[in-house]
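Structural description and commentary
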Amino acid sequence: MYIDSHAHLNYPDVVKNIGEVLQRAEDAGVEAIIVPATTYRTSLDIVELVQKHKMLYGAVGIHPTELKDFEVSHLEGIESLAAIDKICAIGEIGLDYYWEPYDSELQIRILREQFRIAKRCGLPVIIHNRNSTNDLMELVRSEYDGGLLKGQFHSFSAGQEEANECIKMGFYISFTGNITYKPNDSTRIAYGIVEQTPAEHLLLETDTPYLPPMPYRGKQNEPSYVNHTAAKIAELKGITPEELGRITSENARSLYGI
Ligand SMILES: [Zn+2]
């Protein structure tokens, strides 16, 4: 009934127990999981991982905080991996001005290239944004191409105005387990965005192994915990978790073609 649209199951601490993690996910009602890459190297790992497990789909791409070993040939590599069966998106890509030092020009250049790869391949993108909303929105607008660029803003961290614009452009947004934490300024903004966003533009995600929902805060996150995030979002929408699960799974299937 749920699709976890964002789980880094390839990370060493998670992949070592992958059999149990997937069994618990299935028991919790998770029907499919998307595993995003962060480098060319992990893109190759993910291609292999998703061939082994029926419920897994993969994304290939280069994350903005992982540009240390970047080589131009990696972009060609990503584009050829994108054609492989069960690779359903280009991601996780985006901008990150939180971790210093960062090179915003380089991040923007590589993001633009990956947006173009996604459009050439007809695949959606999975977008990461940390402290970079203005530059990101500017780039999304300039590469939008009348809707050729489509995808998901994962772990949404911009404001209501940007959320409205994303939705108007046909993008999907998702929140991680931190929406279940004790109300503070940023959760309150998130509540408002969830309330204003039609369920037809929401996706569910865990961002495993990060940001577990209550009551697992402080532990390693995993896809089976997505039902706690779903329960909170369903409450904010005034619908049942089952209904939210049904709609968001349909959204994920239609966006990612899975
Ligand atoms: Zn992620």
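Because the structure is a prediction, the values reported are computed rather than measured. (Residues numbered from 1 in each chain as written. Predicted model: local features only at pLDDT ≥ 70, side-chain atom pairs only at ≥ 80, totals over all residues. Heavy atoms only, no water.)

**Section: the environment of arginine 246**
Inclusion rule: Secondary structure elements are defined from DSSP: runs of H or I of at least 4 residues count as helices, runs of E of at least 2 residues count as strands, and each element is numbered from the N terminus. Relative accessible area decides the class of each residue, using a 1.4 Å probe on protein chains only: under 20% of the type maximum gives buried, over 50% gives exposed, and in between gives partly exposed.
In this fold, arginine 246 is placed in helix H10 (residues 241-256). Using a relative accessible area of 43% as the deciding quantity, one classes arginine 246 as partly exposed. Between the C-alpha atoms of arginine 246 and alanine 28, which are 218 residues apart in sequence, the distance is 14 Å.

**Some details on the sheet that holds strand S4 (residues 87-96)**
What counts, and what does not: Paired strands, as defined in this entry, are two strands with at least two bridges between them according to DSSP. Lines fitted to the C-alpha atoms define the axes, with helices restricted to the stretch that makes contact. Angles between their N-to-C directions range from 0 to 180 degrees. Contacts are residue-level and defined by heavy atoms, with any inter-residue pair within 4.5 Å sufficient.
Spatially, 8 strands are ordered S1-S2-S3-S4-S5-S6-S7-S8 in an open sheet, and the strand pairing comes out parallel. The open sheet has two edge strands with one neighbour each: strand S1 (2-4) and strand S8 (202-204). With strand direction ignored, the average angle separating the axes of adjacent strands in the sheet is 30°. As paired strands, strand S7 (residues 172-175) and S8 are joined by 3 bridges and run parallel to one another. Looking at S8, one finds that serine 174 is bridged to leucine 203. Those strands touched by helix H9 (residues 226-237) are S1, strand S2 (30-36), S7 and S8, and its axis lies near 155° from that of S8.

**Things to note about the packing of aromatic side chains**
Applicable threshold: Pairing of aromatic side chains requires ring centres within 6.5 Å, counting the rings of Phe and Tyr and the six-membered ring of Trp. Pairs whose planes differ by under 30 degrees are stacked, by over 60 edge-to-face, and all others tilted.
In the structure shown here, the tally under the stated rule is 8 aromatic pairs. Consider the rings of phenylalanine 153 and phenylalanine 171, whose centres lie 5.2 Å apart with planes at 75°: the pair is edge-to-face. Placement of the pair is phenylalanine 153 in strand S6 (residues 151-153) and phenylalanine 171 in the loop between helix H7 (160-168) and S7, with a sequence separation of 18 residues. Summarising the burial analysis for this pair, phenylalanine 153 and phenylalanine 171 share the class buried. Here a set of aromatic residues connected by ring pairs shows up, and it is made of Tyr144, Phe153, Phe156, Phe171 and Phe175.

**Overview of the nonpolar core**
Here is the rule: Buried residues of nine kinds, namely Ala, Val, Leu, Ile, Met, Phe, Trp, Tyr and Cys, make up a nonpolar core once their side-chain atoms join them within 4.5 Å.
The biggest cluster of nonpolar side chains holds 67 residues, and the ones touching the most others in it are Leu9, Ile90 and Phe153. Counting 14 residues, the second-largest nonpolar core is a separate cluster that includes Ile34, Ala59, Cys88 and Ala89.

**A word on helix H5 (residues 104-121)**
As a reminder of what qualifies: Expected helix span is given by 1.5 Å per residue-to-residue step, counting one fewer step than there are residues. Counted as a polar contact is a pair of N or O atoms within 3.5 Å, where, for protein atoms, one must be capable of donating a hydrogen and the other of accepting one, and residues adjacent in sequence contribute only when both atoms are in side chains.
Taking 1.5 Å per residue as the helical rise, H5 with its 18 residues ought to reach 26 Å, and the 26 Å between its terminal C-alpha atoms agrees with that figure. Those residues of H5 that sit buried are Gln107, Ile110, Leu111, Gln114, Phe115, Ile117, Ala118 and Lys119. Buried residues along H5 sit in contact with helix H4 (72-81), S4, strand S5 (125-130) and helix H6 (133-143). The backbone nitrogen of glutamate 105 has a side-chain oxygen 3.2 Å away, supplied by the residue at the start of H5, namely aspartate 103.

**Concerning the pairing of strand S3 (residues 56-60)**
Summarising burial for S3: 5 of the 5 residues are buried, a large majority. Alternating residues of S3 divide into Leu56, Gly58 and Val60 and Tyr57 and Ala59, and every residue in both groups is buried. Sheet topology places S2 next to S3; 4 bridges connect them, and they run parallel. By the bridge assignment for S3, valine 35 is matched with glycine 58. Note that S3 and S4 share 3 bridges and pair parallel. Paired with valine 60 across the strands is isoleucine 90, a residue of S4.

Everything listed here is a matter of coordinates, which is why it stays silent on function.
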